[in-house]
Amino acid sequence: MKIALLFPGQGAQKVGMGADLAREFPAARRVFDEADEALGFSLSRMCFEGPEEDLRLTANTQPATLATSIAALRAFESECGLAAELAAGHSLGEYSALVAAGALALDETLRAVRERGRLMQEACPPGQGTMAALLGLDLAAASAICAEVSTGDEVAVPANLNAPGQIVISGHAGAVRRALQAAKARGGAASMELKVSAPFHSPLMRPARDGMVPVLDRLVVSPLKFGVIANVTAQLNRDPACVTPLLLDQITSPVRWEESMAALATEGVTETIEFGAGRVLAGMMRRINRNVKVRASEDPASLRAAIQALAAAPL
């Protein structure tokens with residue numbers, strides 16, 4: 001049995017995340033304590049108690065999501081020996097995967113993703129950009145629509161290639177909304193604009209990419225204990241020298257999640273564990289490959305259920 005670790009990105013956050021894990025597992029509590037110390041404020045209280053409007057701020061959401069994912073992982077490891085073969089994370093979740101693989105230190109990464117969130121939020125003036133989910137259309141159709149509605153002044157591009165029939169586009173608000181109407185006219189009736197604070201994974205994030213260069217240059221990248229599938233390439237990376245360039249390119253490039261999960265299956269993975277709030281990645285996997293199981297580990301009950309399921313799974 002080959003096991004992979006999965007980590008969600010921004011959007012999975014909710015008030016109360018990680019609280020039960022921190023109460024029940026000292027290993028999880030230590031992660032939140034380290035996060036509070038690294039950032040100089042009580043990120044743990046924001047995760048556990050809110051307020052929601054503060055947790056939704058991108059500069060807070062990103063370290064909060066990272067801390068919750070690693071707390072869930074450490075709690076799991078404290079209860080069960082975990083021999084992972086590889087890991088993957090959706091967008092921000094790639095940082096969690098790299099921490100899990102031992103490539104990045106938690107405290108440094110928390111500070112880096114807080115700055116990443118701030119830079120991404122400030123890269124585009126409010127209202128200038130947006131994102132939309134084009135549902136029921138494949139990548140070829142979504143790409144054609146984006147090309148059709150983009151002009152010299154406004155662009156829309158595929159941003160999250162999540163699963164069959166689930167493509168998220170990003171860019172200037174005018175172009176994205178024109179794409180949304182075109183998608184609905186071509187059979188994507190359930191397509192919708194998303195409630196996001198910025199046009200992530202689009203050319204409009206170039207200022208954030210540039211701003212992250214010195215931030216990532218300061219990170220110490222250690223040898224990886226196991227490979228991490230990069231969002232940008234959808235390929236397994238084991239080279240520490242590639243970590244920073246891949247994270248930089250990720251800011252303005254699409255998240256190739258469907259291809260990443262195909263790469264995971266090609267590696268022979270049959271069992272995965274999703275660490276952190278929500279079960280977004282499990283939902284995507286059901287659309288991508290039902291032969292790969294995704295076990296949630298977001299609270300004590302789901303953590304113990306995952307351990308029990310893995311113990312009973314055929315070798």
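So, here's what we can say about the structure. Because the structure is a prediction, the values reported are computed rather than measured.

Conventions adopted
- Residues numbered from 1 in each chain as written.
- Predicted model: local features only at pLDDT ≥ 70, side-chain atom pairs only at ≥ 80, totals over all residues.
- Heavy atoms only, no water.
- Helix = DSSP H or I, 4+ residues; strand = E, 2+ residues; numbered from the N terminus.
- Rg over C-alpha atoms; globule rule 2.2 N^0.38 Å.
- Buried < 20%, exposed > 50% of the residue type's maximum accessible area, 1.4 Å probe, protein only.
- Contact = heavy atoms within 4.5 Å.
- Lys, Arg positive; Asp, Glu negative; His and termini not counted.
- Charge placed at Lys NZ, Arg CZ, Asp CG, Glu CD.
- Core = buried A, V, L, I, M, F, W, Y, C linked by side-chain atoms within 4.5 Å.
- Salt bridge = Lys/Arg side-chain N within 4 Å of Asp/Glu carboxyl O.
- Polar contact = N/O pair within 3.5 Å; in protein donor to acceptor, adjacent residues only side chain to side chain.
- Pairing = 2+ DSSP bridges.

## Brief notes about the overall build of the protein
Part 1 of the argument: Each helix and strand counted, the protein has 14 helices and 10 strands in total.
Part 2 of the argument: The C-alpha radius of gyration computed for the protein amounts to 19 Å, which stays within 12% of the reference 20 Å derived for 315 residues, consistent with globular compactness.
Part 3 of the argument: For the protein, the residues scored as buried account for 56% of the 315 residues in total.
Part 4 of the argument: Pairs at least 24 apart in sequence give 75% of the contacts found in the protein among residues at least 6 apart.
Part 5 of the argument: The distance from the centre of the 30 positive side-chain charges to the centre of the 34 negative ones in the protein is 4 Å.

## Observations regarding the nonpolar core
Part 1 of the argument: Judged by nonpolar contacts, the single largest core of 75 residues is most densely connected at L5 and F76.
Part 2 of the argument: The greatest single-element share of this core, amounting to 9 residues, is contributed by helix α5 (residues 58-79).
Part 3 of the argument: If near-sequence neighbours (up to four positions away) are discounted, L5 is found in contact with L73, L82, A84, L86, A87, A88, A100, F226, I273 and F275.
Part 4 of the argument: Core analysis: the second largest hydrophobic core is formed by 17 residues, L134, A175, V176 and A179 among them.

## Quick look at the pattern of salt bridges
Part 1 of the argument: Tallying each qualifying case throughout the model produces 16 salt bridges.
Part 2 of the argument: Overlapping salt bridges, with partners in common, bring together K14, R279 and E298 in one network.

## With respect to the side chain of N162
Part 1 of the argument: Structurally, the position occupied by N162 is in strand β4 (residues 156-163).
Part 2 of the argument: On the basis of relative accessibility, which here comes to 5%, the residue N162 falls in the buried class.
Part 3 of the argument: At a separation of 2.8 Å, a polar atom in the side chain of N162 contacts the side chain of H90.
Part 4 of the argument: In this structure, N162 is in contact with H90, V168, W257, E258, M284 and I288, ignoring residues within four places of it in sequence.

## Quick look at unusual backbone geometry
Backbone geometry follows two general trends: most residues other than glycine have a negative phi, and most peptide bonds adopt the trans configuration.
Part 1 of the argument: At the junction of G50 and P51, the peptide bond is cis and its omega measures out at 5° in the coordinates.
Part 2 of the argument: Within the element layout of this structure, P51 appears in the loop between α3 (43-49) and α4 (52-55).
Part 3 of the argument: Non-glycine residue S91 carries a positive phi angle of around 55°.
Part 4 of the argument: Here S91 lies in the loop between β2 (86-89) and α6 (93-100).
Part 5 of the argument: Accessibility expressed as a relative area gives 11% for S91, which makes it buried.
Part 6 of the argument: Positive phi values are uncommon outside glycine, yet A234 reaches one of about 60°.
Part 7 of the argument: Of note, A234 is situated in the loop between β7 (227-229) and β8 (236-237).

## Some thoughts on the sheet that holds strand β1 (residues 3-7)
Neighbouring strands of a sheet are bound in pairs by backbone hydrogen bonds; such pairs are parallel or else antiparallel.
Part 1 of the argument: Across the sheet, which stays open at both edges, the 6 strands sit in the order β8-β7-β2-β1-β9-β10 with mixed pairing between neighbours. Each edge of the open sheet carries a strand with a single partner, namely β8 and β10 (293-297).
Part 2 of the argument: Sheet topology note: the β2/β7 ladder contains 3 bridges and is parallel. Along β7, the bridge assignment pairs L86 with G227.

Purely geometric numbers; function is a separate question.
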